[in-house]
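Below, each chain spelled out in residue letters.
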There are 2 protein chains.
Amino acid sequence: MYAAVIYGPHDVRYEQRADPVIQAPTDAIVRTVAACVCGSDLWRYRGIADVPEPTPIGHEYVGVVEEVGRAVATVRVGDLVVGGFRTSDNTCAVCRAGMQTNCPHGTGYDGCQAELIRVQNADGTLVAAPGTPDDALIPSILALSDVMCTGWHAAISAGVTRGSTVAVVGDGAVGLCGVLASRELGAQRIIAMSRHPDRQAVARSFGATDVVVERGDEGAARVLDLTGGLGADAVLECVGTVDSVTQALQSARAGGMVGWVGVPHVREIPQQHMFWRNVGLRGGPAPVRAYLDDLLGRVLDGRIEPGKVFDLTLPLRDVAEAYAAMDERRAIKTLLTP
Amino acid sequence: MYAAVIYGPHDVRYEQRADPVIQAPTDAIVRTVAACVCGSDLWRYRGIADVPEPTPIGHEYVGVVEEVGRAVATVRVGDLVVGGFRTSDNTCAVCRAGMQTNCPHGTGYDGCQAELIRVQNADGTLVAAPGTPDDALIPSILALSDVMCTGWHAAISAGVTRGSTVAVVGDGAVGLCGVLASRELGAQRIIAMSRHPDRQAVARSFGATDVVVERGDEGAARVLDLTGGLGADAVLECVGTVDSVTQALQSARAGGMVGWVGVPHVREIPQQHMFWRNVGLRGGPAPVRAYLDDLLGRVLDGRIEPGKVFDLTLPLRDVAEAYAAMDERRAIKTLLTP
């Protein structure tokens, strides 16, 4: 098969690799229907994170089951399946508590920007779509593999509920999905923080009621202005820098909650924006498996279309260009097809 | 009247001051029935916080209304009342959101370790006990002024609910009240972290099912041992040091929550114990007024007896000894009577 391998900064190659094989009875092999590039993949692409050796890359996929190990019971050859960015057994106490990302038996992938993918813990990870979903739904199903469930986790972590006033920091695919999640959870007002007209447009179509273009202290001040001086009940932090975490904490009302899912580039949290204002902070890597059944249902029903975050589609062999387009902000998120 | 005034480290004096008077139509003057010394008062007593000039001290009280301003409608002369450690209007949007400590019109006190106390925002702060409560209930009513509501806030912030497994870091009066709050909220298992036999005994009487004497990494490891390697659903942080916050975060299960009420001696929170484990942190100064009606009812019904945290009672004139006893850990908490 062919697959993407990152060699170092700005060096992603599409090259031949050995086909993955079943190694454990709980494995499945999935033939990719669509994959994509994650904002977090750009860390290594930009040289922020090290690439000690050439490494297969990618952790988002939708595909068709090609083969299953003998212990796999819930998906069958031919099923169209989606799984989260980490695998999980979905049976241990951690998974039963709804935190499948932290499953002690969980694993990553040996690259999902590939024609074939080995999925460990197949029963605990994959969810099959019933029947044969329309091709038009593929981007939205693919979005469930990470960004839509991550935006959902931000909203759940921030306690978004019917009537909430929400502010969303970050207008990447995750932030946009956070807007959509907030709408689905019944938020009354959703303030998207974005300075890019194309992303503002997606945010509006996902349910944003207000757009704030300012950032940092000015952005937080604008959220206070829009909320009668109070701040938002719930703030979704979808970036992960010190500045964005600070902006999120400052945008919350006293007693409010920040749901953070932006992979943190920050070692320590500035507590002066938390304790004295009774502002909380909760979140982390999204337990995709906990949300997948619900959100797949919403996609298949046509209630949500998170696939709108893909504004560029390329063949998998052009994966290098997919990275370049996102790195240079020519695309919000790139979908790849074999 | 006579009142306690702090002059500097280890220098609290009981001296004559002018009687407080009604200054605003929303004020009340309360004649103290009981007051007490707070762990946070010890900051200045120990020289950790500055005392730039002689300052009246104390913020916990139960008393009888002596006089009210013309706008006060909910309490009357002769009522036995309790109020929280900050006043609040209890009508603004912040108060309506249940965060009365953060009321923009809130105030502190000009010293409550005093024979008479001026209470601003009387209607939004004071709650009157119906009838004439038995003298034996006074310590428990007094505990509502801060420590019991603060322990309750820790438990609420940590999301303690029926069936929760809870760990409580800190065995001062607040931590002990956190144990009691967890029991009242239906926790199934309550692990008190304490190395003092007298405090362990109070914790057990308040509902602790387990006691852990280890601290720091060892303490957190012991909580994991006791919870099948998972960690606690909810952890109450009732100290406020870097070590105790870290211990609390480490004691939570993946997806768990730390409720923090220990006034933080920490500027930054070590995030490595939060994001990747999906552990949240929420809390701050307790909105006493939000909890007062409920908890006063539980005291009057005899359901809870938070007054057990007082293990020393002294006349107000011996306030210096009250501080010394707590500073030297001869007392958990000292009650003062005029």
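Note that the coordinates shown come from a computational prediction; the quantities given were computed from them, not determined experimentally.

Trainee: Tell me about the sheet that holds strand 1 (residues 2–8) of chain A, and please be specific about residues and values.
Mentor: All names here are of chain A. The 3 strands lie next to each other as 2-1-4, forming an open sheet whose pairing is antiparallel. The sheet terminates laterally at strand 2 (11–16) and strand 4 (55–56), the two strands that pair on one side only. With 6 bridges connecting them, strand 1 and strand 2 associate as antiparallel partners. Counted as the bridge partner of A4 is Y14 from strand 2. Seen against the sheet, helix 11 (residues 319–327) touches strand 1 and strand 2 and runs at an angle of roughly 160° to strand 2.

Trainee: Kindly report on the interface of chain B and chain A, identifying the contributing residues and their values.
Mentor: Facing the 31 residues of chain B at the interface are 31 residues of chain A. Elements that contribute at least two residues to the side of chain B that touches chain A include exactly helix 2 (93–96), strand 13 (252–260), strand 14 (268–270) and strand 15 (280–283) of chain B. Residue classes in the side of chain B that touches chain A are distributed as 16 nonpolar, 10 polar and 5 charged. Summarising the sheet, strand 14 (residues 268–270) of chain A and strand 14 of chain B pair through 3 bridges and their orientation is antiparallel. When the sheet's bridge partners are listed, E268 of chain A is paired in strand 14 of chain B with P270 of chain B.

Trainee: If you had to explain the domain arrangement of chain A to someone new, which residues and values would you point to?
Mentor: A common way to state how big an interface is: give the accessible area lost once the parts meet. Residues and elements named next belong to chain A. Partitioning chain A into structural domains gives domain 1 (2–146 + 287–337) and domain 2 (148–283). Just the C-alpha atoms count here: the centres of domain 1 and domain 2 sit 26 Å apart. Top element by residues in the side of domain 1 that touches domain 2 is helix 10 (residues 288–300). It accounts for 5 residues. When the residues that make up the side of domain 1 that touches domain 2 are grouped by side-chain class, the tally is 11 nonpolar, 3 polar and 4 charged.

Trainee: Lay out the packing of helix 6 (residues 173–184) of chain B against helix 7 (residues 197–206) of chain B with the relevant residues and their values.
Mentor: Residue and element names in this part refer to chain B. Across the interface, helix 6 lies against helix 7 with an axial gap of 8 Å and an inter-helix angle of 15°. By the angle between their axes, helix 6 is roughly parallel relative to helix 7. Crossing handedness for the pair helix 6 and helix 7: right-handed. Facing helix 6, whose interface residues are L176, V179, L180 and R183, helix 7 presents R199, V202, A203 and F206.

Trainee: Could you give an account of the relation of the copies chain B and chain A, with specific residues and numbers?
Mentor: Superposition record for chain B on chain A: RMSD 0.0 Å, screw rotation 180°, translation along axis 0.0 Å. What we have between these two chains is a two-fold relation. When you check the interface residues of chain B against chain A, 100% turn up at the interface there too, and the contact is symmetric in its surfaces.

Trainee: Got a sec to walk through the environment of R70 of chain A? Specific residues and values, please.
Mentor: Examined against the element boundaries, R70 of chain A turns out to sit in the loop between strand 5 (61–68) and strand 6 (80–82). Distance in space between the C-alpha atoms of R70 of chain A and G163 of chain A is 48 Å, their sequence separation being 93 residues.

Parameters at a glance
Residues numbered from 1 in each chain as written. Chains lettered and ligands numbered in written order. Predicted model: local features only at pLDDT ≥ 70, side-chain atom pairs only at ≥ 80, totals over all residues. Pairing = 2+ DSSP bridges. Helix = DSSP H or I, 4+ residues; strand = E, 2+ residues; numbered from the N terminus. Contact = placed C-beta atoms within 7 Å. Axes fitted to C-alpha atoms, helices over the stretch in contact; angles between N-to-C directions. Nonpolar A, V, L, I, M, F, W, Y, C, P; charged D, E, K, R; others polar. Domains from an automatic or database assignment. Parallel < 35°, antiparallel > 145°, perpendicular 65-115°, else oblique. Left-handed = near helix turned anticlockwise from the far one by under 90°. Least-squares fit on C-alpha atoms with pLDDT ≥ 70 in both.

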